[in-house]
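Observations on the model geometry
In case you want the letters, here they are:
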Amino acid sequence: MSFVNSAKLSQMRCDLLPVDVITTVPVAAVQFSPGPELADNLTKIISLTERAAEEGAKLVLFPEYSLHFTPRMSRETVTRAESVAGPSVTALRNTAHRLDIYMVFGFIESIPGESNRGYNTVLAINPRGEIVASYRKVHLYDAFGQRESEWILPGDIAEPPVFWIEDLGVGLQTCYDLRFPESTRWLVDGGAELVLVPAEWVAGDFKTHHWKTLLAARAIENTVYIAAANHTPPIAVGNTSIIDPRGQTLATIEYSEGAIRAEISRETLNSVRKINPALALRRFSVQSAEFDK
């Protein structure tokens, strides 16, 4: 696999930051097809992280369900779940520390006392090997003939899962969350200027169009960068992408396994928000409480 190089906002923090606070953050996003064998997936993730670090990435993003995946969820899905203190997460924490890089990936998290379902969890690990953010998927994929909730419990709605690379806010969401614009705005209100979307965006009629359109829309309407890592076809639509706050695709890989890289630029963020101060001009806020039943 090769890397292809491409040329704290909240509702109360819509003022522009000075251009010289940070310059750029090089981000890599990986597209691959995890399989049912955890050891094989772990080996591939570590190898690709080593490559990302060699190529100069400061952060590497992997897809949803990176440690274990089968086309249809089953009892095996739950039996392969691990805790955040388990051996796989520990191995990836050690990798991030060894390579001095941020790592973000999705996996199935076990739930103490629960043998029938797990969480669909995304973890962010910093270069010291510390977990700096975690997110349990809120919007489960009970659509298009799928029933993720048969095997996965939704996460609780708490504080926005945002971590910081210097002064750059980085938010986490997962796959189907992309169809709910308030999810991204919630992250932006929590300080996110780069939103990471690990996904297994299932293939189907119009699904590639939906994926590309929603990624661009979330970037444009929030004036943020979006980095999305997907599985390869034929199960998923591929098209792992990094998009800037104007909705411009900086880097993408369509169907093959591989990785892309792009620079997240403070100068671009400031410039776009100066021309289009939509966040400062909005009249509505997003509430993080669940709707009344």
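In this report, we go over the structure that sits alongside the text. Computed from a predicted structure; not experimentally measured.

As for its placement among the helices and strands, Ala-262 is situated in strand β14 (residues 258-265). In sequence terms Ala-262 and Pro-71 are 191 residues apart; their C-alpha atoms lie 30 Å from each other.

A cis amide bond links Pro-233 to the next residue, Pro-234, at an omega of 10°. Inspection of the secondary structure assignment puts Pro-234 in the loop between β11 (225-229) and β12 (240-243). Its identity is not glycine, yet Tyr-65 carries a phi of approximately 55°, on the positive side. Topologically, Tyr-65 is positioned in the loop between β3 (59-61) and α2 (75-79). The buried category is assigned to Tyr-65, whose relative accessible area is 5%. The phi dihedral of Thr-223 falls on the positive side, at around 45°, and the residue is not glycine. Residue placement: Thr-223 occurs in the loop between α5 (207-222) and β11.

The next thing to look at is the packing of aromatic side chains. If you walk through the whole model with that rule in mind, you get eight aromatic pairs. Arranged with centres 6.3 Å apart and planes meeting at 20°, the rings of Tyr-141 and Phe-144 form a pair that is stacked. Its relative accessible area of 11% is what places Tyr-141 among the buried residues. Pairing Trp-201 with Trp-211 gives two aromatic rings, centres 5.2 Å apart and planes at 45°, and the pair type is tilted. Of the two residues, Trp-201 sits in the loop between β10 (194-198) and α5 while Trp-211 sits in helix α5, which places them ten residues apart along the sequence.

Within a beta sheet, neighbouring strands are joined by backbone hydrogen bonds and run either parallel or antiparallel to one another. The six strands are arranged β8-β9-β10-β11-β12-β13 in an open sheet whose pairing can be described as mixed. Of all strands in the sheet, those with a lone pairing partner are β8 (162-165) and β13 (249-253), marking the two edges. Sheet twist, expressed as the mean angle between neighbouring strand axes with direction ignored, is 20°.

Okay, the side chain of Thr-223 next. Classification of Thr-223 as buried rests on a relative accessible area of 2%. Setting aside its immediate chain neighbours within four residues, Thr-223 contacts Pro-245, Leu-269, Val-272, Arg-273, Asn-276 and Leu-279.

Our focus in this paragraph is the pattern of salt bridges. Considering all chains together, one arrives at 18 salt bridges under this definition. Here Glu-109 and Arg-136 are joined by a salt bridge, their closest N and O atoms 2.8 Å apart. Of this pair, Glu-109 sits in strand β4 (residues 102-111) while Arg-136 is found in strand β6 (residues 131-136), placing the two residues 27 residues apart along the sequence. The salt bridge partner of Arg-266 is Asp-167, with a shortest N-O separation of 3.0 Å. Of this pair, Arg-266 sits in helix α6 (residues 266-275) while Asp-167 sits in the loop between β8 and β9 (168-172); the two residues are 99 residues apart in sequence, bridging distant segments of the chain. Through salt bridges with shared partners, a single ionic network connects Asp-167, Glu-193, Arg-266 and Arg-273.

Two packed helices can be described by the angle between their axes and the distance between those axes. Interhelical geometry of helix α4 (residues 181-189) versus α5 gives an angle of 40° and a closest axis separation of 10 Å. By the angle class used here, α4 and α5 are oblique. Considering only the axes of α4 and α5, their crossing is right-handed. Mapping the contact onto sequence places Pro-181, Thr-184, Arg-185 and Val-188 in α4 and Arg-218, Glu-221 and Asn-222 in α5.

Now for α6. Burial in α6 covers these residues: Arg-266, Thr-268, Leu-269, Asn-270, Val-272 and Arg-273. Looking at the buried positions of α6, the neighbouring elements they touch are β9, α5, β11, β14 and α7 (278-281). Between the side-chain oxygen of the N-cap and the backbone nitrogen of Glu-267 there are 3.2 Å, and the N-cap of α6 in question is Ser-265.

What counts, and where the lines are drawn
Residues numbered from 1 in each chain as written. Predicted model: local features only at pLDDT ≥ 70, side-chain atom pairs only at ≥ 80, totals over all residues. Heavy atoms only, no water. Helix = DSSP H or I, 4+ residues; strand = E, 2+ residues; numbered from the N terminus. Buried < 20%, exposed > 50% of the residue type's maximum accessible area, 1.4 Å probe, protein only. Phe/Tyr/Trp six-rings, centres within 6.5 Å; stacked < 30°, edge-to-face > 60°. Pairing = 2+ DSSP bridges. Axes fitted to C-alpha atoms, helices over the stretch in contact; angles between N-to-C directions. Contact = heavy atoms within 4.5 Å. Salt bridge = Lys/Arg side-chain N within 4 Å of Asp/Glu carboxyl O. Parallel < 35°, antiparallel > 145°, perpendicular 65-115°, else oblique. Left-handed = near helix turned anticlockwise from the far one by under 90°. Polar contact = N/O pair within 3.5 Å; in protein donor to acceptor, adjacent residues only side chain to side chain.

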